[in-house]
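Structural overview
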Amino acid sequence: MKALLEEFREGNVRALARVLTRVENRSPGSFEFLRSVFPSSGKARVIGITGSPGSGKSTLVNRLAAEYASLSDSIVGIVAVDPSSPYSHGAILGDRIRMQDADTSGKVFIRSMATRGHLGGLASAASDVVTVMDAWGADPVMVETVGVGQDEVDIAKLADVSVVVLVPGAGDEIQALKAGIMEIGDVFAINKSDMDGAGRLESAVRAALDLAPEGDAWRPPIVRTVATTGEGVEQLREEIDRCHRSLGQDPRTSARRRRAARERLIRILQERLVASVLAACGEHGLEAAVTAILSRERDPYSVAEELLEIVSPGRAS
Ligand SMILES: Nc1nc2c(ncn2[C@@H]2O[C@H](COP(=O)(O)OP(=O)(O)OP(=O)(O)O)[C@@H](O)[C@H]2O)c(=O)[nH]1
Ligand SMILES: [Mg+2]
């Protein structure tokens, strides 16, 4: 493990991949890894890219990554949070871009994460992956998520700059407003602008943004893109950079970062607490308790109290 950490610190890509696998699987020693690399994190620009399924996020992320890679010597990190929803394998997304296949330059490092099976939740696992990439030296780190659920909104909050990708004619005008996605967007990309209705969508987004209180330091720009051809991608990158630069002047930035750090700590606590309770009572113990609750023999409150008592004796008041 020491050797692995050393290789990691030397910037070895294989070491990065191995560390990420351990961290994602919560293999023994992964918390020690996270602890020792955390102090080196916090340098990368973290960019969130979110939008509805098939809106062209991966295509756009690939283009942006190529842009960033051409501008500096750093390796660009990409975290693709892959929806494991039933339709992700269906016909609708049959043509989705697999980013794993895309990089040939050796300057982009891509990691796909499954969305299921993370004890502390997806956002917790994703923040660890971002931390590891950041500590390793990737910059920027882009995180692609399908912006629908709370998990995804939480992930978007990991980013300093969030790009919301909308597409014309997909009912996104209404959907975006409904899902509260407008609030997380620092930059809006109207992708597939080669299709009808881009102008209409832009007006709808602008109208929604105009509802934001006056005096906000940052007015989210709207950029029209065609990810497949690369049109507008340079301008999108410039707006993302401009947003990053403005963060230092925006008084809300430190409050936002503080909130994110707090939420992250709470998620870690949840994960570790649940993990230690499960380790103490075992799968059998848990199932037995569930059976007792189902038959109304026990109530979940006292069961929880009892289980907590195992890991923290004498805590009950
Ligand atoms: N016409 C047009 N098609 C595009 C554009 N951008 C992406 N596409 C196509 O849209 C499809 C979906 O693109 P992806 O990049 O996989 O979209 P995504 O948002 O990452 O999809 P998921 O990750 O599955 O949610 C692909 O067939 C792309 O070629 C665009 O600007 N114009
Ligand atoms: Mg994608």
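It should be emphasised that the depicted structure is a prediction, and the values quoted were computed from it without experimental measurement. (Residues numbered from 1 in each chain as written. Chains lettered and ligands numbered in written order. Predicted model: local features only at pLDDT ≥ 70, side-chain atom pairs only at ≥ 80, totals over all residues. Heavy atoms only, no water.)

**Quick notes on the pairing of strand S5 (residues 161–166)**
Each regular strand displays side chains that alternate between the two surfaces of the sheet. Inclusion rule: A simple rule labels every residue: compare its accessible area, found with a 1.4 Å probe on the protein chains alone, to the largest value its type can have, and call it buried under 20%, exposed over 50%, or partly exposed in between. By definition, any uninterrupted DSSP run of H or I lasting at least four residues is a helix, any uninterrupted run of E lasting at least two residues is a strand, and each is numbered from the N terminus. Note on pairing: two strands pair once DSSP finds at least 2 bridges between them.
Where burial is concerned, most of S5 is hidden: six out of the six residues are buried. Burial along S5 is two-sided: Val161, Val163 and Val165 and Ser162, Val164 and Leu166, pointing in opposite directions, are all buried. Of the strand pairs in this sheet, strand S1 (residues 46–51) and S5 are connected by five bridges, and their pairing is parallel. Within S5, the position partnered with Ile49 by the bridge is Val163. Of the strand pairs in this sheet, S5 and strand S6 (residues 187–190) are connected by four bridges, and their pairing is parallel.

**Points about the coordination of the magnesium ion (ligand 2)**
This is how the line gets drawn: Donor selection uses N, O and S atoms within 2.8 Å of the metal (3.2 Å for Na, K and Ca). Since no water is included, sites may look incomplete.
Note on the magnesium ion (ligand 2): its protein donors are Ser58 (OG) and Glu144 (OE). The metal-donor distances range over 2.1 to 2.2 Å. A residue pair is termed long-range when its members are at least 10 positions apart, and Ser58 in helix H4 (residues 57–71) and Glu144 in strand S4 (residues 141–146) qualify at 86 residues. For Ser58, a relative accessible area of 12% puts it in the buried group. Among the residues examined, Glu144 registers a relative accessible area of 9% and is labelled buried.

**Re the pattern of salt bridges**
Heads up, the condition is: We define a salt bridge as a side-chain nitrogen of Lys or Arg found within 4 Å of a carboxyl oxygen belonging to Asp or Glu.
As enumerated under the stated definition, the model contains 17 salt bridges in all. In this structure, Arg111 engages Glu24 in a salt bridge whose closest nitrogen and oxygen atoms are separated by 4.0 Å. Separated by 87 residues along the polypeptide, Arg111 in strand S3 (residues 108–114) and Glu24 in helix H2 (residues 13–25) bring together distant segments of the chain. Both residues of the pair, Arg111 and Glu24, belong to the buried class. Arg45 is the partner of Asp241 in a salt bridge, and the nearest nitrogen-oxygen pair spans 3.9 Å. Placement of Asp241 in helix H10 (residues 233–247) and of Arg45 in the loop between helix H3 (30–37) and S1 is noted, with a sequence separation of 196 residues between them. For Arg45, a relative accessible area of 27% translates into the label partly exposed.

**Quick look at the environment of Val187**
Note the following rule: Residues count as neighbours in contact if any of their non-hydrogen atoms are within 4.5 Å of one another.
One can find Val187 in strand S6. Residue Val187 is classed as buried on the basis of its relative accessible area, which comes to 0%. Between the C-alpha atom of Val187 and that of Ile49, which follows or precedes it by 138 residues, the distance is 9.6 Å. In this view, Val187 contacts Val161, Ser162, Val163, Val164, Trp218, Pro221, Leu236, Glu239, Ile240 and Cys243; residues no more than four positions away in its chain are not counted.

**A few points about the packing of aromatic side chains**
Operational definition: Put simply, two rings from Phe, Tyr or Trp (the six-membered ring, in Trp's case) pair if the centres are within 6.5 Å, and we call them stacked under 30 degrees between planes, edge-to-face over 60, tilted for the rest. Each ring is checked for a lysine NZ or an arginine CZ that lies within 6 Å of its centre and within 35 degrees of its normal; such an atom marks a charge sitting over the ring.
Inspection of the entire model under this criterion finds zero aromatic pairs. In this structure, Arg272 is placed above the aromatic ring of Phe31, and the distance from its NZ or CZ to the ring centre is 3.8 Å.

**Looking at the sheet that holds S1**
Formally: Note on geometry: axes are C-alpha line fits, over the in-contact stretch for helices, and angles between N-to-C directions span 0 to 180 degrees.
Taken in spatial order, the seven strands of this open sheet run S3-S2-S4-S1-S5-S6-S7, and their pairing is parallel. Looking at strand neighbours, the two that pair on one side only are S3 and strand S7 (222–224), the edges of this open sheet. Averaged over neighbouring strand pairs, the angle between their axes works out to 20° when direction is ignored. Relative to S4, S1 is paired through six bridges, and the arrangement is parallel. Following the sheet pairing, Thr50 is matched in S4 by Thr145.

**Describing the pairing of S6**
Neither face of S6 is open: one carries Val187 and Ala189, the other Phe188 and Ile190, and all of them are buried. Of the pairings in the sheet, the one linking S6 to S7 comprises three bridges and is parallel in character. Bridge pairing in S7 places Phe188 opposite Ile222.

**Some words on helix H9 (residues 198–209)**
As a reminder of what qualifies: Multiplying 1.5 Å by the helix residue count minus one yields the expected span of that helix. Arc definition: directions from the helix axis to the C-beta atoms.
Taking 1.5 Å of rise per residue, the 12 residues of H9 would be expected to cover 16 Å, and the 16 Å separating its terminal C-alpha atoms lies within 8% of that figure. Listed as buried for H9 are Ala198, Leu201, Glu202, Val205, Ala208 and Leu209. Looking straight down H9, one finds that the buried residues subtend no more than 125° of arc, so they occupy a single side.

**Points about H10**
For an α-helix, 3.6 residues make a turn, and residues three or four places apart therefore share a direction. With 15 residues, H10 ought to run about 21 Å at 1.5 Å a step, and its terminal C-alpha atoms sit 21 Å apart, in line with that. Considered for burial, the residues of H10 that qualify are Val233, Leu236, Arg237, Glu239, Ile240, Asp241, Cys243, His244, Ser246 and Leu247. Structurally, H10 contributes buried residues whose contacts are with S1, H4, S5, S6, S7 and helix H11 (252–294).

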